[in-house]
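Each chain, letter by letter, is given below.
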Amino acid sequence: MKVWKKVLWLWLAALTAEAASEQRQQGPIVLDGHFIQGGMVLGTAPKGTQLTLNGKALRLTGDGRFVFGFGRDEPLSHQLSWHRPGQSGQMAITINKRKYDIQKINGVASKYVNPDPNVDARIKEDNRKLAAARKRDENLGYFLQPFIWPAEGRLSGVYGSQRIFNGEPRNPHYGLDLSAPTGAPVYAPAGGLVTLVEPDMYFSGGTLIVDHGYGLSSTFIHLSKIEVKAGQRVEQGDLIARVGATGRVTGPHLDWRVNWFSTRLDPQLLVPPRSDTQKRK
Ligand SMILES: [Zn+2]
């Protein structure tokens, strides 16, 4: 990649990270978050309110908190409806469109670019496990915590970018990549329940999912070591894993992904801006 392109790309990444969150209110509903593709929104409604987003029920905590998010290529118009005794209403939510980057990566082992048909069954099984973990809807309020960065390291990949492996366009990249040496610590960006521990998935290598509650989960991939067990509760800042270069990678880094159920969100919008992620290589 040409230097000026790399600079521009990192500048855009930094800009995205600093995109301010916004508060919107209508009637008894208060929303706070990033009204943008890849953004997460936290909400508050009076106790006992029934809510639907685009016709699908949203689950509220006992004190009326909820979360939802928008995918990479999400339509820009959404409808939030609420209903409670004696009052109901609708809120139109318009979100902003994002621009995504193209990243060219050469030198990827061909077995990962065009997997052997014999590994199809293994990849399907990996995907089934990941989807099942992300489908969980735990009664945990950790999704309300302001997130912290899970590792130190240079920002080497951003959400939504499209990668071209050895000249072949692939699915978009949904993770935030932090370059760090194998063995570097990975900390829980927010508390949660460990719902998936897999030491060796085909594409993602050492893979860990921490569920923050109400559909919000973090996935950490390419790990060299996982320091927690499935079913374990972790608190924000706990050591949970070690950076590695397992699965389809060109070098050791942490790849952190955030989901709202199956919808992939931008992790960088959840953490505060960090000066060293904005530096040039
Ligand atoms: Zn990655």
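Here the structure is a predicted model, which means the values were calculated and not measured.

Section: the sheet that holds strand β11 (residues 162-165)
What links the strands of a sheet is backbone hydrogen bonding, and the strands pair in either a parallel or an antiparallel sense.
Point 1. Taking strand neighbours across the sheet as the criterion, the three strands line up as β9-β11-β12 in an open arrangement whose pairing is mixed. Edge positions in the sheet fall to β9 (102-105) and β12 (168-172), since each has one partner strand and no second. Strand after strand, the sheet turns through a mean of 30° between neighbouring axes, direction not considered.

Considerations on unusual backbone geometry
Point 1. Even without a glycine there, the phi angle at Asn54 is positive, about 50°.
Point 2. Checked against the element boundaries, Asn54 lands in the loop between β4 (50-53) and β5 (56-58).
Point 3. Taking the number of C-beta atoms within 10 Å as the measure of exposure, Asn54 has 13 and is therefore partly exposed.
Point 4. Located in the positive-phi region is Phe261, a residue other than glycine, with phi close to 50°.
Point 5. Within the fold, Phe261 resides in the loop between β21 (253-260) and β22 (263-265).
Point 6. On the basis of neighbour count, Phe261 is assigned to the partly exposed category, with 17 C-beta atoms found within 10 Å.

Some details on the nonpolar core
Point 1. Counting 53 residues, the largest nonpolar core has Phe66, Val67, Val186, Leu208, Phe220, Leu223 and Leu254 as the members making the most contacts within it.
Point 2. Three or more residues apiece are contributed to this core by two domains, here domain 1 (3-94) and domain 2 (102-277).
Point 3. In this structure, Leu254 is in contact with Pro150, Ala151, Gly153, Leu178, Ala180, Val186, Phe220 and Val243, ignoring residues within four places of it in sequence.

Quick notes on helix α3 (residues 120-135)
Point 1. End to end, α3 covers 22 Å across 16 residues, agreeing with the expected 22 Å (1.5 Å per residue, within 8%).
Point 2. For α3, the set of buried residues is Leu130, Ala133 and Arg134. Projected down its long axis, α3 shows its buried positions confined to an angular sector of 100°, all on one face. In α3, the exposed positions that point more than 90 degrees away from the buried face belong to Asp120, Ala121, Lys124, Glu125, Arg128, Ala131 and Ala132.
Point 3. Packed against the buried residues of α3 are β15 (192-201), β16 (205-213), β17 (216-223) and β21.

Notes on the environment of Leu53
Point 1. Within the secondary structure, Leu53 is located in strand β4.
Point 2. Take Leu53: there are 17 C-beta atoms within 10 Å of it, and that puts it in the partly exposed class.
Point 3. In this view, Leu53 contacts Leu58, Phe68, His78 and Leu80; residues no more than four positions away in its chain are not counted.

What to know about the pairing of strand β13 (residues 176-179)
Remember that side chains alternate between the two faces of the sheet whenever the strand is regular.
Point 1. Pairing of strand β10 (residues 154-157) with β13, which is carried by three bridges, proceeds in the antiparallel orientation. Its bridge partner being in β13, Gly157 is matched across the sheet by Asp177.
Point 2. Both β13 and β21 contribute to a ladder of four bridges, which runs antiparallel. Counterpart to Leu176 in the pairing with β21 is Trp256.

About the criteria used
- Numbering of residues begins from 1 in every chain and follows the order in which that chain's sequence is written.
- The model is predicted, so local features are restricted to residues of pLDDT at least 70 and side-chain atom pairs to those at 80 or more, both for listing and for counting; the totals for chains, interfaces and linings are taken over all residues.
- When DSSP locates at least two bridges between a pair of strands, those strands are taken to pair.
- Only DSSP runs of H or I with at least four residues qualify as helices, and only runs of E with at least two residues qualify as strands; both kinds are numbered from the N terminus onward.
- For every element, the axis is a line fit to its C-alpha atoms; helices are fit only across the contacting stretch, and the angle between N-to-C directions ranges from 0 to 180 degrees.
- Labels follow a simple rule on C-beta atoms placed from the backbone: if 20 or more others lie within 10 Å of a residue's own, it is buried; if 12 or fewer, it is exposed; otherwise it is partly exposed.
- We define the nonpolar core as any set of buried residues of the types Ala, Val, Leu, Ile, Met, Phe, Trp, Tyr and Cys, connected via C-beta atoms lying within 7 Å of each other.
- For the purposes of this description, domain bounds are those given by an automatic or database domain assignment.
- Note on contacts: residues are paired as contacts if their backbone-placed C-beta atoms lie within 7 Å.
- By this rule, a helix spans an expected 1.5 Å times one less than how many residues it contains.
- Arc, as used here, means the arc of the directions from the helix axis to the C-beta atoms.

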